[in-house]
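Listed below, chain by chain, are the residues.
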Amino acid sequence: MRYNYRVKSKWFEYKDEVRELRRKGVSMTVIERQYGIPRSTLSGWFKDIHLNETDRTKLMKNSQDGWLLARKNAVTAHRAMKQKRLDDANKHASAALDKLPLTAEILDLAFAMLYLGEGAKNNTTSIANSNPMVLRFVLSVLYTNYSVQPHQIRCDLHLRADQHGDTLKQYWANELKLPLSCFKYIAYDKRSKGKPTFDHYKGVCVISCHQIAIQRKLISLYNQFCTKVSNEILGA
C-alpha cells in the first residue's frame, strides 16, 4: 500500500492572508520582504490569481518607483563613500605635512618639481597656471628664497574670447596680492569665440621674473633629484 503525504510549508498559516494581499495588488517583493516567505513558495500560491489591468499598472509603477528610490539611495551611498575616501586622503596628507619642515631646501625642491611640469624652459623664469593657489606658492618661494620683489614680477593673462580683461586683471591682482602695474599683456583665444565660459574659470595667468639663474637652478635641481631617486630605486 502506498501513502502520499503532503508536508505543509512552515509559512502555510499565512497563505490565505498573503493571497488576499496579492488580490489587492500588493507586489510579490513587498510580501516576500514583509513575511519572509520565499518567492518560489509565493509563486505557487499566486499562480491562479490574475490581476486586473489597474493592479498590473499599479505594480509596474511601484516597481519603477522602487528602482528610482534604489538609484537615489545608491547615489547617496556612493557620495558618502567618496567623501570618506577624500577625508582619509586629507588626513594622511596632513599627517605627512606635519612631519615635513618647511625649510628653504624643501621649498626649492617643491618649486623645482612644479617647474618641471609647468615652467617655461626658454630664456626666462616663467610659470603659468589657472589656479591662484599654485601661483601664490610660486610667489612665496620667489620672495622667500630668492629675494624677488613684487615690482620685479610680470604677469600676462591668457583668456577666452568672452572674458573681460580688466575684470580679470583685478581678480588676479587681488588673488596674488600684486599691483595692477605688474599686469601687462592679455591674449584672447579666438578659437573659443561663441563658446560660453564657465563662471569658475578665470583664465591662465603667467608670472615671470627676469632672473634666469633661478630657472637654471630649478632645472638642475629637478634633473638631479629625479635621477637620484630613480637610480636608488630602479638602479642606474
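Structure: see above.
Residues numbered from 1 in each chain as written. Predicted model: local features only at pLDDT ≥ 70, side-chain atom pairs only at ≥ 80, totals over all residues. Heavy atoms only, no water.

Chemist: Go over the nonpolar core, please, and point to the residues and values.
Modeler: If you look at the biggest cluster of nonpolar residues, it comprises 30 residues, and the most contacted ones within it are Leu142, Ile153, Phe183, Cys205 and Ile207. If you list the elements that add at least two residues to this core, you get helix H5 (104-118), helix H6 (132-146), strand E2 (154-160), helix H7 (165-176), strand E3 (183-189), strand E4 (204-209) and helix H8 (212-234). Beyond its immediate sequence surroundings of up to four residues, Leu142 is in contact with Phe111, Ser147, Val148, Ile153, Cys209 and Ile214. One finds Ile31, Leu42, Phe46 and Ile49 within the second-largest nonpolar core, a separate group that totals 11 residues. (Core = buried A, V, L, I, M, F, W, Y, C linked by side-chain atoms within 4.5 Å. Buried < 20%, exposed > 50% of the residue type's maximum accessible area, 1.4 Å probe, protein only. Helix = DSSP H or I, 4+ residues; strand = E, 2+ residues; numbered from the N terminus. Contact = heavy atoms within 4.5 Å.)

Chemist: Describe the environment of Val141, listing the residues and the values that go with them.
Modeler: Assignment of secondary structure puts Val141 in helix H6. By relative accessible area, Val141 is classed as buried at 1%. Expressed as a C-alpha distance, the spacing of Val141 and Gly203, which sit 62 residues apart in the sequence, is 23 Å. Apart from residues no more than four positions distant in its own chain, Val141 is found in contact with Leu107, Asp108, Phe111 and Tyr146.

Chemist: Can you explain H7? Please cite residues and give values.
Modeler: Along its 12 residues, H7 runs 16 Å from first to last C-alpha, staying within 8% of the 16 Å computed at 1.5 Å per residue. Those residues of H7 that fall on the buried side of the exposure criterion are Gly165, Leu168, Trp172, Ala173 and Leu176. The buried side chains of H7 occupy one side of the element, clustering within an arc of 140° when seen end-on. If you follow the buried residues of H7, they end up packed against strand E1 (125-129), H6, E2, E3 and E4. (Expected span 1.5 Å × (residues − 1). Arc of directions from axis to C-beta.)

Chemist: Tell me about the pairing of E3, residues and numbers included.
Modeler: Here E2 pairs with E3 via five bridges, running parallel. From the neighbouring strand, Arg160 faces E3, where its bridge partner is Asp189. With respect to chirality, the unit in which E2 leads through H7 into the neighbouring parallel E3 is right-handed. (Pairing = 2+ DSSP bridges. Right-handed = clockwise from strand over helix to strand, strands pointing away.)

Chemist: Kindly report on a nonpolar patch on the surface, identifying the contributing residues and their values.
Modeler: Residues Met113, Leu116, Phe225, Val229, Ile233 and Leu234 make up a contiguous nonpolar surface patch of about 550 Å² in total accessible area. Elements with a contribution of two residues or more to the nonpolar patch: H5 and H8. Element by element, the count of residues in the nonpolar patch is highest for H8, at four residues. Mapping Leu116 onto the fold places it in helix H5. Residue classification places Leu116 among the partly exposed residues on the basis of a relative accessible area of 36%. (Patch = residues over 30% accessible without salt bridge, like charges linked within 9 Å, V, L, I, M, F, W, Y side chains within 5 Å. Areas by Shrake-Rupley, 256 points an atom, 1.4 Å probe, with all protein chains shown as cover. Salt bridge = Lys/Arg side-chain N within 4 Å of Asp/Glu carboxyl O.)

Chemist: So what's going on with the state of the cysteines? Which residues, and what values?
Modeler: Per the counting criterion, the structure on display carries zero disulfides. In this structure Cys209 is a free cysteine whose sulfur lies 11 Å from that of Cys155, the closest cysteine sulfur available. What makes Cys209 buried here is its relative accessible area of 2%. (Disulfide = S-S within 2.5 Å.)

Chemist: Quick rundown of the pairing of E4? Include the residues and the values.
Modeler: Of all six residues in E4, five are buried, a share of seventy percent or more. Where E1 and E4 come together, five bridges link them in antiparallel fashion. Across the sheet, Ile127 pairs through a bridge with Ile207, a residue of E4. In the sheet, E2 pairs with E4 via five bridges, with the strands oriented antiparallel. Across the sheet, the residue bridging to Arg154 is Ser208, located in E4.

Chemist: Which residues make up the packing of helix H1 (residues 15-23) against helix H2 (residues 28-35), and what are the values?
Modeler: Orientation of H1 relative to H2, taken along the N-to-C sense of each, is 150°, at an axis distance of 10 Å. By the angle between their axes, H1 is roughly antiparallel relative to H2. Relative to H2, the crossing made by H1 is right-handed. Between H1 and H2, the residues in contact are Glu17, Val18, Leu21 and Arg22 and Met28, Ile31 and Tyr35, respectively. Residues of the contact of H1 with H2, tallied by class, amount to five nonpolar, no polar and two charged. (Axes fitted to C-alpha atoms, helices over the stretch in contact; angles between N-to-C directions. Parallel < 35°, antiparallel > 145°, perpendicular 65-115°, else oblique. Left-handed = near helix turned anticlockwise from the far one by under 90°. Nonpolar A, V, L, I, M, F, W, Y, C, P; charged D, E, K, R; others polar.)

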